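Spelled out from the first residue to the last, the chains are:
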Amino acid sequence: MKQFIDFIPLLLFFIVYKLDPRTVDVAGHELTVGGIYSATAMLIVSSLVVYGALFVKQRKLEKSQWLTLVACLVFGSLTLAFHSETFLKWKAPVVNWLFALAFIGSHFIGDRLLIKRIMGHALSLPDPVWLRLNIAWIAFFLFCGAANLFVAFTFQSIWVDFKVFGSLGMTVLFLVGQGIYLSRHLHDADTTTPKTED
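Residues numbered from 1 in each chain as written. Predicted model: local features only at pLDDT ≥ 70, side-chain atom pairs only at ≥ 80, totals over all residues. Heavy atoms only, no water.

Q: Talk me through empty space enclosed by the protein; I want residue IDs and the actual numbers.
A: On inspection of all chains with the given rule, the structure shows one cavity of 30 Å³ or more. Empty space within the largest cavity amounts to approximately 50 Å³. As for the largest cavity, its lining consists of Leu88, Lys89, Ala92, Pro93, Asn148, Ala152, Trp159, Phe162 and Lys163. Looking at the lining of the largest cavity, the elements with two or more residues in it are α5 (86–105), α7 (127–154) and α8 (159–192). Among the elements that make up the lining of the largest cavity, the one with the highest residue count is α5 (four residues). For the lining of the largest cavity, the per-class residue count stands at six nonpolar, one polar and two charged. (1 Å grid on protein atoms, 1.4 Å probe; cavity = no way out; pocket = protein on both sides within 12 Å on 5 of 7 lines; lining within 4 Å. Points joined across faces, edges and corners; volume = space filled by probe spheres on them. Helix = DSSP H or I, 4+ residues; strand = E, 2+ residues; numbered from the N terminus. Nonpolar A, V, L, I, M, F, W, Y, C, P; charged D, E, K, R; others polar.)

So this is what it looks like as structure tokens:
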């Protein structure tokens, strides 16, 4: 669910980006709606609203959500300040690679792999399975970052479409694959768990 909450500002960004550019009057000020720069402003505002609401409700944000919010504010602000979409094109690769770095770092720092810290409260799995899952997440984030970078600077006419639907599609496919992999191990764990009599 947390993964899909992150897509809300991205979807709003996509909708505004796809609008035909037009000028609207808001409280006596003329604003341009449609195109990359108004979409970037929408991304910043909607990210603040979504993560602000989560913070008010939960009294905290996950580290990944803080990273996503800060990256959105930094790269979005640079895009608007310098009037260059190049900064925004780097947001997805950098965020994905920072996530990959966090998963890599958990192999050397701390007593548990990052994936086990995230999912360990809900699942009981052997250490080799946790290790494979952690490596799978590293590979996933590295691939997503590289794919976003390649498309952004090679196929400029579709990079926004890929940023939204390509990233969403890759995430869904990966989570389905992870679910299938985990279901196999959970089934094995259920059949080997000794039953106790009342």
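Next comes the rest of the write-up.
Q: If you had to explain the pairing of strand β1 (residues 22–26) to someone new, which residues and values would you point to?
A: In terms of strand pairing, β1 meets strand β2 (residues 29–33) through five bridges, oriented antiparallel. Opposite Asp25, over in β2, you have Glu30 as the bridge partner. Once β1 ends, the chain turns through two residues before running back antiparallel as β2, passing Ala27 with a positive phi of about 50 degrees. (Pairing = 2+ DSSP bridges.)

Q: Could you give an account of the UniProt feature "transmembrane region" (unreviewed entry) in the protein chain, with specific residues and numbers?
A: According to UniProt, the "transmembrane region" (unreviewed entry) feature falls on residues 34–54, 66–82, 94–114, 135–158 and 164–182. When the span residues 66–82 is considered, its composition is 100% helix and 0% strand, and the gap between its end C-alpha atoms is 24 Å. End-to-end, the C-alpha atoms of residues 164–182 are 27 Å apart, and along that stretch the chain is 100% helix and 0% strand. (UniProt positions renumbered as here; feature names shortened; annotations may be inferred.)

Q: Please set out the nonpolar core residue by residue, giving values where relevant.
A: Core analysis: the largest hydrophobic core is formed by 25 residues, its most contacted members being Ile115, Trp130 and Leu133. At the level of elements, α4 (63–82), α5, α6 (114–119), α7 and α8 are the ones that each hand at least two residues to this core. For this core, the element with the highest residue contribution is α7, accounting for nine residues. Sequence-distant contacts of Trp130, that is, excluding residues within four places in its chain, are made with Leu113, Ile115, Lys116, Met119, Gly120, Leu123 and Leu125. Core analysis: the next-biggest nonpolar cluster, separate from the first, contains 16 residues, Phe13, Phe14, Cys72 and Trp159 among them. (Core = buried A, V, L, I, M, F, W, Y, C linked by side-chain atoms within 4.5 Å. Buried < 20%, exposed > 50% of the residue type's maximum accessible area, 1.4 Å probe, protein only. Contact = heavy atoms within 4.5 Å.)

Q: Help me get a handle on the confidence of the model for the protein chain, residues and values and all.
A: Across the protein chain, pLDDT averages 88, with 92% of residues at or above 70. Within the protein chain, helix α1 (residues 2–5) has the poorest average pLDDT of any element, 68, and α5 the best, 96. Of the regions scoring below 50 in pLDDT, residues 189–198 engages in zero contacts with residues more than four places distant in sequence or in other chains. (pLDDT = per-residue confidence, 0-100.)

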